[in-house]
Amino acid sequence: KAGVTQTPRYLIKTRGQQVTLSCSPISGHRSVSWYQQTPGQGLQFLFEYFSETQRNKGNFPGRFSGRQFSNSRSEMNVSTLELGDSALYLCASSAGQSSGNTIYFGEGSWLTVV
Amino acid sequence: AQKVTQAQTEISVVEKEDVTLDCVYETRDTTYYLFWYKQPPSGELVFLIRRNSFDEQNEISGRYSWNFQKSTSSFNFTITASQVVDSAVYFCALWGTYKYIFGTGTRLKVLA
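No experiment lies behind these values; they were computed from the predicted model shown.

Quick notes on the rules
- Residues numbered from 1 in each chain as written.
- Chains lettered and ligands numbered in written order.
- Predicted model: local features only at pLDDT ≥ 70, side-chain atom pairs only at ≥ 80, totals over all residues.
- Heavy atoms only, no water.
- Helix = DSSP H or I, 4+ residues; strand = E, 2+ residues; numbered from the N terminus.
- Rg over C-alpha atoms; globule rule 2.2 N^0.38 Å.
- Buried < 20%, exposed > 50% of the residue type's maximum accessible area, 1.4 Å probe, protein only.
- Contact = heavy atoms within 4.5 Å.
- Areas by Shrake-Rupley, 256 points an atom, 1.4 Å probe, with all protein chains shown as cover.
- Lys, Arg positive; Asp, Glu negative; His and termini not counted.
- Charge placed at Lys NZ, Arg CZ, Asp CG, Glu CD.
- 1 Å grid on protein atoms, 1.4 Å probe; cavity = no way out; pocket = protein on both sides within 12 Å on 5 of 7 lines; lining within 4 Å.
- Points joined across faces, edges and corners; volume = space filled by probe spheres on them.
- Nonpolar A, V, L, I, M, F, W, Y, C, P; charged D, E, K, R; others polar.
- Buried area = accessible area lost by both parts, 1.4 Å probe.
- Salt bridge = Lys/Arg side-chain N within 4 Å of Asp/Glu carboxyl O.
- Polar contact = N/O pair within 3.5 Å; in protein donor to acceptor, adjacent residues only side chain to side chain.
- Phe/Tyr/Trp six-rings, centres within 6.5 Å; stacked < 30°, edge-to-face > 60°.
- Pairing = 2+ DSSP bridges.

Peer 1: Summarise the overall build of chain A; cite the residues concerned and give the values.
Peer 2: Within chain A, the secondary structure is distributed over 0 helices and 11 strands. Reading the helices (α) and strands (β) of chain A from amino to carboxyl end gives β-β-β-β-β-β-β-β-β-β-β. Taken over C-alpha atoms, the radius of gyration comes to 13 Å for chain A, in line with the 13 Å a tight globule of 114 residues would show. Considered along the principal axes of its C-alpha atoms, chain A spans approximately 35 × 25 × 25 Å. A total of 114 residues make up chain A; the buried ones form 52% of that total. Long-range pairs, those at least 24 residues apart, make up 54% of the contacts in chain A with a sequence separation of at least 6. Of the roughly 5200 Å² that chain A leaves accessible, carbon and sulfur atoms contribute 46%. Counting 10 positive and 6 negative side-chain charges, chain A places the centres of these two groups 2 Å from one another.

Here is the structure:
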């Protein structure tokens, strides 16, 4: 059974640009959540989607957005990139809506903003 | 407020030593879940264990064991006879009130 797949794995963007990251959950999983990981802030929750609806959102500015498609695949977008957005962005999926279910992570997308 | 504390930032041990990673949590929920994940250099967080708040039985899986104590709000993780392949960052996490809270992680270095 394939795990969570994230693309691209590595990317470099210039400040002010925007970026879109993609996540394909484990087959049959309908919940997808996104996390930002930085050395200074650790793992921080961005948002969670279940059946194409955003169910929960972390404390990030509106520049961070996401969506989920009918096949459960998800994308997150960061507009007007700032240097501080450089991070590992992790996607996780679970079988049901967030309720203590185990979430399984992808390998992440390493974003560098220069 | 919910919180997960992993006070040990980095631990170094010599191969075959036993090592315990500490995790202390705070929550007011009566129903909650605790997790441990391993993050190797590749970046992916690998799921290790999930425990619900009503199950305080200790768990053993091969060289790994977990000690859950509600009285001290702790969920500690022990690796017996550590190996170089155990080198990674380990995260403890809590699910409560509709979201997961992660600790800051403990970097474990196992030296040959």
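Peer 1: Would you mind going over the layout of surface pockets in detail, with residue names and values included?
Peer 2: Roughly 560 Å³ of internal volume is contained in the largest pocket. Along the walls of the largest pocket sit 21 residues, with Gln37 of chain A together with Gln39, Val89, Phe91 and Arg107 of chain B positioned nearest its centre. Looking at the lining of the largest pocket, the elements that each hand over two or more residues are strand S4 (31-38), strand S9 (87-94) and strand S11 (109-113) of chain A together with strand S10 (88-96) of chain B. For the lining of the largest pocket, the element with the most residues is S10 of chain B, which contributes 3 residues. Tallied by class, the residues present in the lining of the largest pocket amount to 10 nonpolar, 9 polar and 2 charged. In this structure, the second largest pocket encloses a volume near 330 Å³. Together, 17 residues line the second largest pocket, and Leu43, Gln44 and Phe45 of chain A together with Lys99 and Ile101 of chain B are the ones closest to its centre. Counting only elements with at least two residues in the lining of the second largest pocket, the list comes to strand S5 (42-50) and strand S6 (53-57) of chain A together with strand S11 (99-102) of chain B. A class-by-class count of the residues in the lining of the second largest pocket yields 7 nonpolar, 8 polar and 2 charged.

Peer 1: Lay out the interface of chain A and chain B in plain terms, naming residues and giving numbers.
Peer 2: Of the residues lining the interface, 18 residues belong to chain A; the matching set on chain B comes to 17 residues. Overall, the association of chain A and chain B removes approximately 1600 Å² of surface from exposure, summing both partners, and the carbon and sulfur fraction of that is 54%. Summed over the shared surface of chain A and chain B, the result is 0 salt bridges. Where chain A meets chain B, there are 4 residue pairs in polar contact (both at pLDDT 80 or more). Of the residues that constitute the side of chain A that touches chain B, the class distribution is 8 nonpolar, 8 polar and 2 charged.

Peer 1: A description of the packing of aromatic side chains should follow, citing residues and the corresponding values.
Peer 2: Throughout the structure, instances matching the rule amount to 21 aromatic pairs over all chains. Aromatic pair Tyr35 of chain A and Phe105 of chain A: ring centres 5.6 Å apart, planes at 55°, arrangement tilted. In this pair, Tyr35 of chain A sits in strand S4 while Phe105 of chain A sits in strand S10 (residues 104-105), placing the two residues 70 residues apart along the sequence. Measuring from centroid to centroid gives 6.3 Å for Tyr25 of chain B and Phe68 of chain B, while their planes differ by 50°, and the two rings are tilted.

Peer 1: Please give an account of the pairing of S6 of chain A that cites residues and values.
Peer 2: Residue and element names in this part refer to chain A. Here 4 bridges tie S5 to S6, and the two strands are oriented antiparallel to one another. When the bridges of S6 are listed, Phe47 appears paired with Lys57. Hairpin connection of S5 to S6: 2 residues between the antiparallel strands, including Ser51 at a positive phi of 50°.

Peer 1: Provide a residue-level description of the pattern of salt bridges, including the pertinent values.
Peer 2: Enumeration over the complete set of coordinates arrives at 9 salt bridges over all chains. Across the salt bridge formed by Arg73 of chain A and Glu75 of chain A, the nearest N and O atoms sit 3.5 Å from each other. Between Arg51 of chain B and Glu59 of chain B there is a salt bridge; the shortest N-O distance is 3.0 Å. Residue Arg51 of chain B is classed as buried on the basis of its relative accessible area, which comes to 8%. Of the residues examined, Glu59 of chain B reaches a relative accessible area of 29% and is grouped as partly exposed. One connected set of salt bridges, linked through shared partners, spans Arg63, Glu82 and Asp85 of chain A.

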